[in-house]
Amino acid sequence: MDKSKQEQIFFEIHTDLPREGPGNFKSTKAAFSFLTELPEKPVILDIGCGPGKQTFDLAKISNSIITAIDNHHAYIDRLNKKASDQNISSRVTGKVGDMNNLQFEEHSFDIIWAEGSIYLMGIGKALSLWKKFLKPNGYIVFSELCWFKDDRPDEIENYWLSNYGEIKTIDSIVKFLSNTDYKFIGSYVLPDNAWWDDYYTPLTNRINDLKKKYSNDPEATQVLENESLEMEMHKKYSAYYGYSFFVVKNILYYHNSKYK
Ligand SMILES: C[S@@+](CC[C@H](N)C(=O)[O-])C[C@H]1O[C@@H](n2cnc3c(N)ncnc32)[C@H](O)[C@@H]1O
């Protein structure tokens, strides 16, 4: 199949879905509850915000001022419209931006939030590049795909190794975080319904509609089957992998009279 058709179908699958990764209000709230001694109006940078579900959840959970960035213009336009419709544009602003090349003043944020997006850079690179944008004692909160068990059936092992070879166990991520110059604060495994409520259920409905639309198109059907496979894997093997939040803190210290 030519690439533009594949892109067109991908676009049809993913346009206007509530989320682009696992998560729900309860999980965002549970991760937020790890954060202590925050200022009255925490300043948050939500990186890879996508359609912005967690952005608006964060605005509900806290009295925060949020900048949400994504490199996909359509998400940002939609997020800014929603903020304006809800009369919270003074608190929630979307900006097109690249997580690899953030354009903010140093020490601007109390919290950097990255739900289902840190994998695009890798945890190690993200933590070292984003650190300078955090205020002293600020937090980075991110969610990431993880193995729950050391022994996995071949089918799911091979599925994820070919789709996301960087997947690690929760323990090995915690160990990694404990050896950075952040303080590891905690982790929180997303419950199974956080995969389905706002993510896999609307995605499955969309794919089923498109399967009807493209029932006479074997190439399109193949793309849709490939997307469905992820959900099938999850139904079968959710005991072996899932998503977890991780929370780290930028412990204040001075180096040559400067914050590091
Ligand atoms: C898996 S989605 C997660 C979206 C959202 N946080 C959620 O949970 O629904 C990852 C998001 O990262 C965005 N993205 C990809 N590369 C990026 C980059 N270099 N800079 C900023 N955002 C990026 C994508 O457009 C997408 O919206």
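Structure shown above.
The rules behind the values
- Residues numbered from 1 in each chain as written.
- Predicted model: local features only at pLDDT ≥ 70, side-chain atom pairs only at ≥ 80, totals over all residues.
- Heavy atoms only, no water.
- Helix = DSSP H or I, 4+ residues; strand = E, 2+ residues; numbered from the N terminus.
- Rg over C-alpha atoms; globule rule 2.2 N^0.38 Å.
- Buried < 20%, exposed > 50% of the residue type's maximum accessible area, 1.4 Å probe, protein only.
- Contact = heavy atoms within 4.5 Å.
- Lys, Arg positive; Asp, Glu negative; His and termini not counted.
- Charge placed at Lys NZ, Arg CZ, Asp CG, Glu CD.
- Near = heavy atom within 4 Å.
- Polar contact = N/O pair within 3.5 Å; in protein donor to acceptor, adjacent residues only side chain to side chain.
- Areas by Shrake-Rupley, 256 points an atom, 1.4 Å probe, with all protein chains shown as cover.
- 1 Å grid on protein atoms, 1.4 Å probe; cavity = no way out; pocket = protein on both sides within 12 Å on 5 of 7 lines; lining within 4 Å.
- Sits in = over half its atoms within 2 Å of the grid points.
- Nonpolar A, V, L, I, M, F, W, Y, C, P; charged D, E, K, R; others polar.
- Expected span 1.5 Å × (residues − 1).
- Salt bridge = Lys/Arg side-chain N within 4 Å of Asp/Glu carboxyl O.

### Observations regarding the overall build of the protein chain
Helix and strand counts for the protein chain stand at nine helices and ten strands. In terms of C-alpha radius of gyration, the protein chain reaches 19 Å, essentially the compact-globule figure of 18 Å for 260 residues. Dimensions along the principal axes, computed over C-alpha positions, put the protein chain at roughly 65 × 45 × 30 Å. In the protein chain, buried positions account for 48% of the 260 residues. Considering only residue pairs separated by 6 or more positions, the protein chain has 76% of its internal contacts joining residues 24 or more positions apart. Averaging the locations of the 31 positively and 36 negatively charged side chains of the protein chain gives two centres separated by 6 Å.

### Side note on unusual backbone geometry
Positive phi values are uncommon outside glycine, yet Asp-16 reaches one of about 60°. Relative to the helices and strands, Asp-16 is located in the loop between helix H1 (3–14) and helix H2 (25–32). Since its relative accessible area comes to 52%, Asp-16 is described here as exposed. Notably, Asn-87 is not glycine yet its phi reads approximately 60°, a positive angle. One can find Asn-87 in the loop between helix H4 (73–85) and strand E3 (92–96).

### Brief notes about the site of the ligand
Taken together, 19 residues lie near the ligand, and Arg-19, Glu-20, Asp-70, Met-99 and Glu-115 sit nearest. Within the side chain of Arg-19, one N or O atom sits 2.9 Å away from an oxygen atom of the ligand. The contact in question runs from an oxygen atom of the ligand to an N or O atom on the side chain of Asp-70, over 2.6 Å. Calculation on the ligand without its partners gives an accessible area of 600 Å², and the protein chains cover 87% of this total. Applying the majority rule of atoms within 2 Å of the grid points places the ligand in the largest pocket. Of the residues assigned to the shell around the ligand, the class counts are five nonpolar, nine polar and five charged.

### What about helix H9 (residues 218–237)?
The end-to-end C-alpha distance of H9 is 28 Å, a good match for the 28 Å that 20 residues give at a rise of 1.5 Å each. Those residues of H9 that sit buried are Ala-220, Val-223, Leu-224, Glu-227, Ser-228, Met-231, Met-233, His-234 and Tyr-237. On its buried face, H9 sits against H1, helix H6 (154–163), helix H8 (193–213) and strand E8 (241–249). Sitting at the head of H9, Asp-217 places a side-chain oxygen 3.1 Å from the backbone nitrogen of Glu-219.

### Notes on the pattern of salt bridges
Scanning the model with the defined rule gives twelve salt bridges in all. When the shortest N-O distance is used, the salt bridge between Glu-232 and Lys-235 registers 3.5 Å. Here Glu-232 pairs with Lys-235, and both are found in helix H9, just three residues apart, close to one helical turn. Residue class for Glu-232 comes out partly exposed when judged on its relative accessible area of 41%. The class for Lys-235 is exposed, based on a relative accessible area of 52%. Connected through shared salt-bridge partners, Lys-53, Asp-57 and Asp-198 make up one network.

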